[in-house]
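# Structure at a glance
Here is what each chain is made of, one letter per residue.
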Amino acid sequence: QVQLVESGGGLVQAGGSLRLSCATSGGTFRIYAMGWFRQAPGKDREFVAGISRSGGVTSYGDSAKGRFTISRDNAKNTVYLQMNSLKPEDTAVYYCAARPSAPGVVPREYTNWGSGTQVTASS
């Protein structure tokens, strides 16, 4: 079973940038599609971005399009989320997730989850 650990969250002013990382261990990273989700207090978990096993196919939720970029380094067993032009509404706990198949947009499609990292964008 692959384990996932997120890092890189923090407090940033609106308009700023953060880069999240998700380091994996205990599994064969390249067989997993990866996704980033977020959850704000009182809201459902929301799809942010997904990437295929090779990194050749990416997808984004509406809130992330044009501002966020997902990438992966299979040599380092790590997936990244570059977040630019952050807005207060981006404030949430961000989770990475793994799925031994094609990337999906629904949380229940993913089999492994990290514990999350807090991102706060202040106005």
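Structure report, in brief. (Residues numbered from 1 in each chain as written. Predicted model: local features only at pLDDT ≥ 70, side-chain atom pairs only at ≥ 80, totals over all residues. Heavy atoms only, no water.)

## Re the overall build of the protein
Counting its secondary structure elements, the protein contains zero helices and 11 strands. Secondary structure elements of the protein, listed N to C terminal, follow the sequence β-β-β-β-β-β-β-β-β-β-β. Radius of gyration (C-alpha) of the protein: 13 Å, near the 14 Å computed for a compact globule of 123 residues. Principal-axis analysis of the C-alpha atoms places the extent of the protein at approximately 40 × 30 × 25 Å. Per-residue burial over the protein gives 42% buried out of 123 residues. Of the accessible surface of the protein, which amounts to about 6,100 Å², a share of 47% is contributed by carbon and sulfur atoms. (Helix = DSSP H or I, 4+ residues; strand = E, 2+ residues; numbered from the N terminus. Rg over C-alpha atoms; globule rule 2.2 N^0.38 Å. Buried < 20%, exposed > 50% of the residue type's maximum accessible area, 1.4 Å probe, protein only. Areas by Shrake-Rupley, 256 points an atom, 1.4 Å probe, with all protein chains shown as cover.)

## A word on the state of the cysteines
By the definition in use, this model includes one disulfide. A sulfur-sulfur separation of 1.9 Å characterises the disulfide bridge that pairs C22 with C96. Disulfide C22-C96: the torsion about the S-S bond is 45°, which places it as right-handed. Residue C22 is found in strand β3 (residues 18–25), and its partner C96 is found in strand β9 (residues 92–99); the two are separated by 74 residues along the sequence. (Disulfide = S-S within 2.5 Å.)

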